[in-house]
Amino acid sequence: MNVLNFPILSLVTYLPILGAIVILFLSKERHEAIRWVAMVFSTASFVVSLWLPFYFDSTTAEMQFVEKLPWIQYLGVSYFMGIDGISLWLVLLTTMLCAISVLCSWEAITERVKEYHVFLLILETGMLGVFMALDFFLFYIFWEVVLVPMYFLIGVWGHPARKLYAAIKFFLFTLFGSVIMLLGILAIYFYHGGQTGVYTFDVLELMKTAYPYSSALLSFQNLVWLAFFLSFAIKVPMFPFHTWLPDAHTEAPTAGSVILAGILLKMGTYGFVRFNLPMFPESSKHFVTFMVTLSIIAIIYGAMVCLVQRDMKRLIAFSSVSHMGFVMLGMFALNAQGVQGSILQMVNHGLSTGALFLIVGLIYDRRHTRMIAEIGSGLSKQMPVYATLFAIVMLSSIGLPGLNGFIGEFLILVGAFKVNYIWASFAVTGIILGAAYMLWLFQRTMFGPLEKPENMKLLDLNAREIATLVPIVIMFFWIGLYPSPFLKRMEVSVNHVLEQVEKGQAGKVNPGTKAASVGATERHLPSIIQPTSGTSEGAPGVRER
């Protein structure tokens, strides 16, 4: 079958939800069958997604594997899916980590197994849709779909102590941001329609328009930029919107924490580079100092808080605040090294922090505690395989050369140094502190005497548990030793985004001029959808597949 003539993105996106539908017809008592169905469909989505990088054209910034069909024509809504070098690796990260999340839940989830796997598969479809949707209406639906299953995963299968508090806090924070983003989407929808007579949610069409800007905070472009910023900053999460994250991470089941850290946080950073930078270039440049300041605070604050944590899971949760600060710093350096490092670090963080939560989950399943003091020391004597994998994951997280974390952090620091050496100097302190808290965690739990009686009976990892970590470890070394395939496929797309930011309003269409050429009839027919054609200076075109 020629994949170039096949709706591969829809297949990747909807295979998990098809698995959820199959599970609905199974008896809730058939736990093994439910697990196998979830595993088969989630793995199938991952396998199909592996076709994407092989058939991806790294020489163009156009959207590829495009699927576009009219949907709600009166409103200008279409079913529009596509990916470029920015979203490619995030799609593969999602399919990979979701399959691993099903596998790591095999023995950990014993109650309401049917409902758990249904929510897990629906969540995967929602996350994939966010990274592929090129219609704002469709994007917003996928964005909201993610919220509900994650709420239930935390609230039903989380740690008994504070799971409801964590679930409600997560829901309220993210829902608030989503509603504000919806106002921003409607603002550009009506502005574009009012000026041109063409009402559309097509992201590529809306990206071509020059939205009114002035240095005043309340200019149209600044206000819409801030609406998107609030939603994405909560999801990242950036300081000071991070307070929901430690609770959600700590109380969620292992798979929920893996998905939350590995994928959900990337929805926020993806939103910035997909929408804020190219669509509102003047505002993006206007808020650079603001964004960099928040990023550096997050880097240092998150790392310092990690140093005083007593809970393994909470320590890793705060480390995400610090690491995501690095991602945002690279992005708003607004140069090729910084943005490429930022996107690669999204993938790196998803792998390394996802693996850290798997590590914590494995010891929690055996000891039923996450407290460092209660777990005790000397575990490497009883669990050498576990200690070895923990060491590799820990070194990846702190950015050891030869592993994936080093490449992303190095590019981000190069990008930051090119703009302002003071920014990079502050960021380096985060790396030093990161090494301190991760080595401290490893030393306290893996080394020293094996004193606690509970630890003397612990079993090392079995084949299934090793299988959850080995694919991630392989990716650590692949990206760390040979990052070229990953960087090459995002290079042209990143350069195109930076060109749009650099050109600013000059690279976009003046809607007033365009509106003058449209007839009065067309101005009153919002049901007309203008097809995307070719490329333009304001936005990449689509590459039909």
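Further up the page is the structure itself.
The model shown is predicted, which means the values in this text are computed figures rather than measured ones.

Rules used in this analysis
All residue numbers refer to positions counted from 1 along the written sequence of the respective chain. In view of the model being predicted, local features appear only for residues whose pLDDT reaches at least 70, and side-chain atom pairs are presented and counted only at 80 or more, with totals across whole chains, interfaces and linings using the full set of residues. Hydrogens and waters are ignored; side-chain quantities use all the structure's heavy atoms. A run of DSSP states H or I qualifies as a helix once it reaches four residues; a run of E qualifies as a strand once it reaches two. Both are numbered from the N-terminal end. Between the two quantities, the radius of gyration covers C-alpha atoms and the globule rule is 2.2 Å times the number of residues to the power 0.38. Burial status follows relative accessibility: with a 1.4 Å probe on protein chains alone, a residue under 20% of its type maximum counts as buried, one over 50% as exposed, and anything between as partly exposed. We call two residues in contact when some of their heavy atoms are within 4.5 Å. In summary, the charge assignment counts Lys and Arg as positive and Asp and Glu as negative, without counting His or the chain termini. Where a charge sits is defined by one atom per residue type, namely NZ (Lys), CZ (Arg), CG (Asp) or CD (Glu). Two strands pair if DSSP finds at least two bridges between them. Paired rings are identified among Phe, Tyr and Trp, the last through its six-membered ring, by centres lying within 6.5 Å, and are further divided according to the angle between planes into stacked (under 30 degrees), edge-to-face (over 60) and tilted (the rest). A ring has a charge above it when a Lys NZ or an Arg CZ is no more than 6 Å from the ring centre and no more than 35 degrees off the ring normal. Note on patches: the residues involved have over 30% relative accessible area and no salt bridge, like charges join within 9 Å, and the nonpolar side chains Val, Leu, Ile, Met, Phe, Trp and Tyr join within 5 Å. Only the protein chains shown count as cover for residues, with accessible areas throughout obtained via the Shrake-Rupley method and a probe of 1.4 Å. Any carboxyl oxygen of Asp or Glu that lies within 4 Å of a side-chain nitrogen of Lys or Arg is treated as forming a salt bridge with it.

**Student:** What am I meant to see in the overall build of the protein here?
**Tutor:** For the protein, the helix and strand inventory stands at 24 helices and three strands. By the compact-globule yardstick of 24 Å for 545 residues, the protein fits well, its C-alpha radius of gyration being 23 Å. Principal axes of the C-alpha set define a box for the protein whose edges measure 80 × 60 × 45 Å. Buried residues in the protein amount to 62% of all 545 residues. When contacts within the protein are restricted to residue pairs at least 6 apart in sequence, long-range pairs at least 24 apart make up 81% of them. When the 34 positive and 31 negative side-chain charges of the protein are each reduced to one mean point, those points stand 4 Å apart.

**Student:** Which parts of the structure should I look at to understand the pairing of strand β2 (residues 77-83)?
**Tutor:** Of all seven residues that make up β2, seven are buried, and the element is covered over most of its length. Burial of β2 is two-sided: the residues Val77, Tyr79, Met81 and Ile83 facing one way and the residues Ser78, Phe80 and Gly82 facing the other way are all buried. Across six bridges, the pairing between strand β1 (residues 63-72) and β2 is antiparallel. Each bridged residue has a counterpart across the sheet, and for glutamate 67 the counterpart in β2 is methionine 81. As consecutive antiparallel partners, β1 and β2 are separated by four residues, and within that stretch glycine 76 has a phi angle of approximately 80°, a positive value.

**Student:** In this structure, what is going on with the packing of aromatic side chains? I would like to understand it.
**Tutor:** Tallied over the entire structure, the rule returns 45 aromatic pairs. Seen in terms of ring centroids, phenylalanine 228 and phenylalanine 280 are 5.6 Å apart; in terms of plane orientation they differ by 50°. Their pairing is tilted. Here the residue phenylalanine 228 occupies a position in helix α9 (residues 220-235), and phenylalanine 280 occupies one in the loop between α11 (254-279) and α12 (281-286), the gap between them amounting to 52 residues. The pair phenylalanine 228 / phenylalanine 280 is uniform in exposure class, with both members buried. The ring of tryptophan 143 carries the charged tip of lysine 235 above its face, separated from the ring centre by 4.9 Å.

**Student:** Sorry if this is basic, but what is going on with a nonpolar patch on the surface here?
**Tutor:** Together, Val47, Leu50, Trp51, Phe54 and Tyr55 line one region of the surface with nonpolar side chains, adding up to about 500 Å² of accessible area. With three residues, the single largest contributor to the nonpolar patch is helix α3 (residues 51-55). Along the polypeptide, phenylalanine 54 turns up in helix α3. According to the relative accessible area criterion, phenylalanine 54 is exposed, its value standing at 70%.

**Student:** Sorry if this is basic, but what is going on with the pattern of salt bridges here?
**Tutor:** Between side chains of opposite charge, pairing is possible as soon as their charged atoms come close. Under the criterion given, the structure shown has twelve salt bridges. Between glutamate 465 and arginine 366 there is a salt bridge, with its nearest N and O atoms 2.7 Å apart. With a gap of 99 residues between them, glutamate 465 in helix α21 (residues 463-481) and arginine 366 in helix α15 (residues 336-367) connect regions that are remote in the sequence. The exposure class of glutamate 465 is buried, given its relative accessible area of 5%. One salt-bridge network, held together by shared partners, links Glu107, Arg366, Arg464 and Glu465.

Everything listed here is a matter of coordinates, which is why it stays silent on function.
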